[in-house]
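Analysis of the macromolecular model
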Amino acid sequence: MNSSMLTRWTISLCIHHRNHSREQSRLDKRVLIILLVLIKEYIYHTAIKPVEQAYKYKELRQHEVSDAEIASKPMVLFLGPWSVGKSTMINYLLGLHDTPQELYTGAEPTTSEYTVIMHGEKVRTIEGIVMAADSSRSFSPLEKFGQGFLEKLIGIEMPHKLLERVTLVDTPGIIENRKQQERGYPYNEVCQWFIDRADLIFLVFDPTKLDVGLELEMLFRQMKGRESQIRIILNKADNLATQDLMRVYGALFWSMAPLINVTEPPRVYVSSFWPREYATDTIQDLFMKEEISLLEDLNQVIENQLENKIAFVRQHAIRVRVHALLVDRYLQTYYEKLGWFADPDEVFHDIAADPDRFYIFKSVLAKANVSKFDLPEPEVYKDFFGVNPVSGFKRLESQCGWTGGCLLQKIEKAIGEELPDLLSTEEKPKAEEKPQGEEKPKNRWRRQ
């Protein structure tokens, strides 16, 4: 690496951050740990998990939360078509080029595994089956996707400053003509698991590969509601002349517009995330500023770890509450329609076959104050009650005790009061003015 490349590398990895003293940093970390423990031990175990267990939420969908997950580091997920530079970008961020730890890259579809890059005291590789079996990690729920997936899951630990604060996940490239059966595991379900837990989603594109196929469209549907976490990366930008790059930028927005139906589109970063020098006759200053902005964005996610974790747990609690209200409404309708001489199975079959006729979902919408897009499809509950007989559940009004209180009241209090109140316990530092002429801060992530 020559001197100009080294200068670019140092500047591009410069992340502006709070200038805390060492003692203040330790204090912030202790406060963060205490608050995460409070979320896990008090709010989750006393208010949310009892509702999960009473109404078998984990058998409905894949949004369960483990103890290790609540205390886990922020996760950055890399998605996109094959050979767009996802692995190369991770190598660049971590400075792994020309090292034994460098992720393999190539022009052909090279990454067929889900690679989780984590912090560790020494460099080592962990098989997927070992990661899933370790309950102290946040990846134990992945075991349900089967042996075929676990063989495609790999963990890499290494000592690195950035990895002390964040976990990176590289994913197999999207290949539009490949079916899920050919992958050997439920690809969309696995992607959904990672999407639901990602604090930041880098959706990487190559300027020469902007075609949108069915698999990419499905990913965008799965990311609905997570638009604030999505960042679009137009990578390898210095392969094009400036005029061609502008055309490609417009074509990218034209292709993405039908898939991202939000008022404010996701941030698009345009650069080439690799250690090589930018090609001549390209807008190098812009590429450099884009790299710095992206890394500042990444740093913001790390600094907002507590807020993101609270939002994640609160969203999970809302889903659990909605599920409990739906089951309760099914029960209420069932008991109202069940006469002395009616066949219980036939009565419930009619309700499950056409819940709209009995206003089950509409009544929950009015009570839960959520969007209709946040409700599961009626077919999901038809399958759910197919393996969980309605007679095995109790009404919410009966789920109360003299000492423990009511399940519904406790989870509503967690959603409306306890989790939001935790945000006010973290004191926000005042922005410090930067003296003119001060050097940019050194990159705190780079290995010394």
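For the structure itself, consult the block above.
What counts, and where the lines are drawn
- Residues numbered from 1 in each chain as written.
- Predicted model: local features only at pLDDT ≥ 70, side-chain atom pairs only at ≥ 80, totals over all residues.
- Heavy atoms only, no water.
- Salt bridge = Lys/Arg side-chain N within 4 Å of Asp/Glu carboxyl O.
- Disulfide = S-S within 2.5 Å.
- Buried < 20%, exposed > 50% of the residue type's maximum accessible area, 1.4 Å probe, protein only.
- Phe/Tyr/Trp six-rings, centres within 6.5 Å; stacked < 30°, edge-to-face > 60°.
- Helix = DSSP H or I, 4+ residues; strand = E, 2+ residues; numbered from the N terminus.
- Axes fitted to C-alpha atoms, helices over the stretch in contact; angles between N-to-C directions.
- Left-handed = near helix turned anticlockwise from the far one by under 90°.
- Contact = heavy atoms within 4.5 Å.
- Nonpolar A, V, L, I, M, F, W, Y, C, P; charged D, E, K, R; others polar.

**Remarks on the pattern of salt bridges**
Summed over all chains, the structure comprises 10 salt bridges. Salt bridges here are not isolated pairs; linked through shared partners, they connect R124, D134, R137 and E157.

**Side note on the state of the cysteines**
Under the counting rule described, the total for this entry stands at one disulfide. Between the sulfur atoms of C400 and its disulfide partner C406 the distance amounts to 2.0 Å. Residues C400 and C406 share a disulfide whose torsion about the S-S bond is about 115°; that sign makes it right-handed. Using a relative accessible area of 40% as the deciding quantity, one classes C400 as partly exposed.

**Concerning the packing of aromatic side chains**
Applying the stated criterion across every chain yields a total of 23 aromatic pairs. Taking 5.4 Å as the distance between ring centres and 65° as the angle between the ring planes, the aromatic pair formed by Y114 and F149 counts as edge-to-face. Of this pair, Y114 sits in strand β2 (residues 114-119) while F149 sits in helix α6 (residues 147-150); the two residues are 35 residues apart in sequence, bridging distant segments of the chain. Comparing Y114 with F149 shows no difference in burial state: the two are buried. Of the aromatic side chains, those joined through ring pairs into one cluster are Y55, Y330, Y334, Y335, F348, F361, Y381, F384, F385 and F393.

**Notes on the packing of helix α8 (residues 187-197) against helix α9 (residues 214-222)**
Axis separation between α8 and α9 bottoms out at 10 Å; the angle between their running directions is 35°. At the point where α8 passes α9, the crossing takes the right-handed sense. Only E215, M218, L219 and Q222 of α9 make contact with α8, whose side of the interface consists of Y187, N188, E189, C191, Q192 and I195. Taken together, the residues that form the contact of α8 with α9 break down as five nonpolar, three polar and two charged.

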